[in-house]
Amino acid sequence: MTNMFKRSLIAMALAGVSTGAMAADVTPTGTTTATNEFMLTMDQILSKSIIITLNDEYSVNDEIYLRFEGDAYVSGAPNSVDIAFGEQFCENAISGITCPAGSTAPPASASTSQDDVNKGISLDYKGMMNDPNGDTVLIYRVSQINGDNNAQTNDTTYGIDVEFGRFSFDAPTVIVQDGVIFDTFSRLNSELWPTVALGDNMFDHDVVSLPMIAETQLFEMEDQFEIEVIEPFNGTLNVWDYRRTFTDPSCNDPRTCATWTDDVIIEITNAGTWDFYVDVDPGTTNQVQYRVTSTNMFGWIESADPTTGGEVTINSACSYITHTADEMWFNCPDTSTQLDFTVDLTGAPDSAQNPKQAGDFSVEGTVWWYNYPALYADGGPNRTPEDGVLNILPFGTSGVGPVDAGMWAVNGSMTHIPYMPYSAQSTQGEVTPIGQIIYVTNITRDPGTDDILIGNDGNGDDSGNGEGPTPDNLNVNRLIWVEGIDENGNTFGPTELPVTADPGVTGIAGDVRDVLFNAGLLTSSNKVSLTITVADYPTNIQIYSAYNVNGSDRGWVQNDSIRTDLDLYRFNEILD
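## Remarks on the overall build of the protein chain
Here is step 1: Each helix and strand in the protein chain was counted, giving 8 helices and 34 strands.
Here is step 2: By residue count, 50% of the 576 residues in the protein chain fall in the buried class.
Here is step 3: Of the contacts made within the protein chain by residues no fewer than 6 positions apart, 78% connect residues no fewer than 24 positions apart.
Here is step 4: Carbon and sulfur atoms provide 49% of the accessible area of the protein chain, an area that totals close to 24800 Å².

Have a look at this one:
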């Protein structure tokens with residue numbers, strides 16, 4: 001926060017310079033923890049009791065100042081505070097001393113051997129002002145000091161806890177300020193603030209308890225709800241089946257086996273524990289809503305309702321709402337119910353024939369919540385009528401996320417270029433003596449003619465050798481990755497290129513060189529072996545590789561994308 005930084009600088013500048021400052025410690029003042037949702041329901045909120053520990057010897061007409069950040073303070077300053085002689089600490093062993101009931105031994109702050117009894121002290125409220133930073137300062141004058149006049153004791157104000165009680169603050173301002181910083185400073189009766197200035201400042205800080213430490217924050221807030229993906233999407237689409245099923249991780253040959261389902265489990269929970277919080281709204285049937293988002297990740301679904309069509313199975317008490325190619329919506333009854341659903345790529349015959357998109361999923365949620373007036377007013381858990389003023393309409397919604405919900409990867413056509421020379425390069429995009437020529441050609445065979453769907457051909461007999469309809473969702477991303485090793489054994493990648501292998505011819509030499517440059521492999525001339533992976537069916541992809549020197553003397557580099565073993569593909573019964 002701006003004020004925290006500003007005040008800390010002032011405190012450091014003045015520490016050790018002031019002769020007029022006296023010491024008190026704000027550490028005993030507690031911090032109220034609340035959720036942002038709860039704070040939104042409040043007009044006013046009470047702090048925990050404001051307590052300072054005196055760490056100096058005070059005299060009549062000295063002043064103690066309580067400073068609160070900004071203008072959030074509303075009310076609560078008592079007209080006077082009185083601590084009786086011996087009320088807080090007293091040593092009965094001293095001859096002639098009768099300690100009040102309930103008093104304790106002197107605290108560590110009463111450090112000398114004769115600091116046996118706390119003096120009586122009275123503070124009177126003098127008024128309220130603003131310091132040069134616009135913060136609110138409450139002024140208290142020491143109006144009375146008294147002791148027992150026993151020569152064997154050293155009555156003291158050291159170690160006295162002065163409790164001012166709970167103060168009321170404007171809740172919307174507390175939200176804007178992200179809390180209220182509280183600190184204190186004191187001045188001798190001969191150098192009262194703001195009559196006497198120290199240096200360029202109209203006030204001084206307590207140098208014993210530095211301001212802006214965590215203990216001086218009266219309110220700490222955070223969002224109440226968080227979303228967590230317990231089990232993310234995790235499938236690899238199989239280009240050997242035209243991206244219509246997943247590869248089976250238990251099977252070593254992607255041409256002959258596949259799997260069809262992928263599960264995801266998501267939940268919304270409380271993000272922590274607080275003094276004050278809200279509850280989910282009992283007035284709504286579904287208190288939580290989820291939106292699973294993507295880019296064209298659901299475009300393969302043909303059914304209007306995939307939960308009845310077979311593409312989606314919900315494994316919890318949640319319910320399906322609707323979907324598009326880019327998102328799917330669900331309702332859940334409350335935050336204790338996980339969203340657990342399974343995607344079945346072959347659950348419906350028409351959808352089963354469509355290629356699926358590789359990419360990332362994310363999920364976000366909405367929670368409907370309510371701060372019960374009855375519970376609040378009746379003193380529910382940690383809630384009492386004295387804690388503040390409740391709004392007339394104490395309910396709302398909170399959005400959580402988005403967070404990563406997993407991904408669908410894709411295997412692909414792999415081409416190995418065993419050798420490619422590169423010149424040294426000092427800047428990205430620099431023209432070098434040796435230039436590379438690498439093109440990816442995608443011939444885009446029609447996947448709907450005489451092609452099988454592994455394990456389910458759409459004809460109901462699961463024979464795996466029938467025909468299926470032409471896929472409708474052809475808007476899939478034909479990603480390209482490059483990886484490899486150089487002549488010194490340095491490896492890199494796989495790195496996704498910024499271009500895709502769409503139908504036609506795509507040049508990738510410059511993008512590959514950028515990958516090598518960014519990997520630090522072109523600080524000197526180098527020879528590199530490349531592996532190019534394209535997320536499309538192997539018979540669709542051919543790669544041409546060559547290089548030239550000074551724009552001529554082209555050298556063709558043989559790679560393994562020119563395949564002659566067509567039996568490899570007939571084995572998979574995909575070639576006509």
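Following the structure, the description resumes.
## What about the pairing of strand 23 (residues 339-344)?
Regular strands place their side chains on alternate faces of the sheet.
Here is step 1: Here strand 23 lies mainly inside the structure; 5 of its 6 residues are buried.
Here is step 2: Of the pairings in the sheet, the one linking strand 17 (residues 261-270) to strand 23 comprises 6 bridges and is antiparallel in character. By the bridge assignment for strand 23, D262 is matched with V343.
Here is step 3: Inspection of the sheet shows strand 20 (residues 312-314) paired to strand 23 by 3 bridges, in the antiparallel sense. When the sheet's bridge partners are listed, I314 is paired in strand 23 with F341.

## Some thoughts on the sheet that holds strand 23
Here is step 1: Reading across from one edge, 15-17-23-20 is the order of the 4 strands in this open sheet, with antiparallel pairing throughout. For this open sheet the edge positions go to strand 15 (225-231) and strand 20, each flanked by a neighbour on one side alone. Put simply, the sheet's adjacent strands are angled 20° from each other on average, direction ignored.
Here is step 2: Pairing of strand 15 with strand 17 involves 6 bridges; the strand directions are antiparallel. Across the sheet, residue E226 finds its bridge partner in strand 17, namely T269.

## Notes on the packing of aromatic side chains
Here is step 1: Enumeration according to the criterion identifies 20 aromatic pairs in this entry.
Here is step 2: An angle of 55° between the planes, with centres 4.9 Å apart, marks the rings of Y140 and F164 as tilted. On the criterion of sequence distance, the pair formed by Y140 in strand 10 (residues 136-146) and F164 in strand 11 (residues 161-165) is long-range, its members being 24 residues apart.
Here is step 3: What links up through ring pairs into an aromatic cluster is the set F233, F246, F298, Y320, F330, F341, F361 and W408.

## Here we look at the environment of S398
Here is step 1: By the secondary structure assignment, S398 is in strand 26 (residues 395-410).
Here is step 2: On the basis of relative accessible area, S398 is assigned to the buried category, the value being 10%.
Here is step 3: A distance of 2.8 Å separates a polar atom in the side chain of S398 from a polar atom in the side chain of W369.

## Some thoughts on the sheet that holds strand 5 (residues 50-54)
Here is step 1: On the basis of which strands lie adjacent, the open sheet formed by 3 strands has the order 2-5-11 and antiparallel pairing. Each edge of the sheet is formed by a strand with only one pairing partner; in this case those strands are strand 2 (24-25) and strand 11.

## Points about the state of the cysteines
Here is step 1: Tallied over the entire structure, the rule returns 1 disulfide.
Here is step 2: Here C318 connects covalently by a disulfide to C332, the sulfurs 1.9 Å from one another. Because the sign of the S-S torsion sets the handedness, a value of about 105° for the bond joining C318 and C332 places this disulfide among the right-handed ones. Of this pair, C318 sits in the loop between strand 20 and strand 21 (319-323) while C332 sits in strand 22 (residues 327-332), and the two are 14 residues apart along the sequence. The pair C318 / C332 is uniform in exposure class, with both members buried.

## Focus on the pattern of salt bridges
Here is step 1: Considering all chains together, one arrives at 9 salt bridges under this definition.
Here is step 2: Among the ionic pairs, R67 bridges to D131, the shortest N-O distance being 3.4 Å. You can see R67 sitting in strand 6 (residues 63-68) and its partner D131 sitting in the loop between strand 9 (120-130) and strand 10, a full 64 residues away along the chain. In this pair, the class of R67 matches that of D131, namely buried.

## A few points about the nonpolar core
Here is step 1: Membership of the largest hydrophobic core comes to 82 residues, with the highest contact counts inside it found for I52, L66, F68, F164, F167, F169 and F341.
Here is step 2: Excluding residues within four positions of it along the chain, F169 makes contact with D43, Q44, I45, S47, F68, A72, Y73, V74, V174, V180, L218 and F219.
Here is step 3: With 26 residues, the next largest nonpolar core counts V440, I480, L497 and L522 among its residues.

## Focus on unusual backbone geometry
Here is step 1: Residue P402 is reached from G401 by a cis peptide bond, and omega for that bond is 10°.
Here is step 2: With respect to the helices and strands, the residue P402 is situated in strand 26.
Here is step 3: Here the residue pair G493 and P494 is connected by a cis peptide bond, since its omega of 5° sits within 30 degrees of zero.
Here is step 4: Residue placement: P494 occurs in strand 30 (residues 491-496).
Here is step 5: With a phi close to 80°, N61 is a non-glycine residue in the positive phi region.

## With respect to the confidence of the model for the protein chain
Caution is warranted with low-pLDDT regions, since their predicted coordinates should not be read in detail.
Here is step 1: When pLDDT is averaged along the protein chain, the result is 78, and 74% of the positions lie at 70 or above.
Here is step 2: Of all helices and strands in the protein chain, the one with the weakest mean pLDDT is helix 1 (residues 2-14) (32), whereas strand 21 scores best (96).
Here is step 3: A low-confidence stretch, residues 564-576 stays under pLDDT 50, and its non-local contacts, those more than four residues away or across chains, total 32 contacts.

## Overview of helix 7 (residues 509-518)
Here is step 1: Taken as a whole, helix 7 has its buried residues at A509, D511, V512, R513, V515 and L516.
Here is step 2: Its buried side turned inward, helix 7 meets strand 27 (413-422), strand 28 (434-442), strand 29 (480-486), strand 30, strand 31 (504-507) and strand 32 (526-534).
Here is step 3: At the exit of helix 7 stands G520, carrying a positive phi of roughly 75°.

## Topic: a nonpolar patch on the surface
Here is step 1: Together, Y439, V505, Y544 and W556 line one region of the surface with nonpolar side chains, adding up to about 450 Å² of accessible area.
Here is step 2: In this structure, Y439 sits in strand 28.

Criteria and thresholds
- Residues numbered from 1 in each chain as written.
- Predicted model: local features only at pLDDT ≥ 70, side-chain atom pairs only at ≥ 80, totals over all residues.
- Heavy atoms only, no water.
- Helix = DSSP H or I, 4+ residues; strand = E, 2+ residues; numbered from the N terminus.
- Buried < 20%, exposed > 50% of the residue type's maximum accessible area, 1.4 Å probe, protein only.
- Contact = heavy atoms within 4.5 Å.
- Areas by Shrake-Rupley, 256 points an atom, 1.4 Å probe, with all protein chains shown as cover.
- Pairing = 2+ DSSP bridges.
- Axes fitted to C-alpha atoms, helices over the stretch in contact; angles between N-to-C directions.
- Phe/Tyr/Trp six-rings, centres within 6.5 Å; stacked < 30°, edge-to-face > 60°.
- Polar contact = N/O pair within 3.5 Å; in protein donor to acceptor, adjacent residues only side chain to side chain.
- Disulfide = S-S within 2.5 Å.
- Salt bridge = Lys/Arg side-chain N within 4 Å of Asp/Glu carboxyl O.
- Core = buried A, V, L, I, M, F, W, Y, C linked by side-chain atoms within 4.5 Å.
- pLDDT = per-residue confidence, 0-100.
- Patch = residues over 30% accessible without salt bridge, like charges linked within 9 Å, V, L, I, M, F, W, Y side chains within 5 Å.

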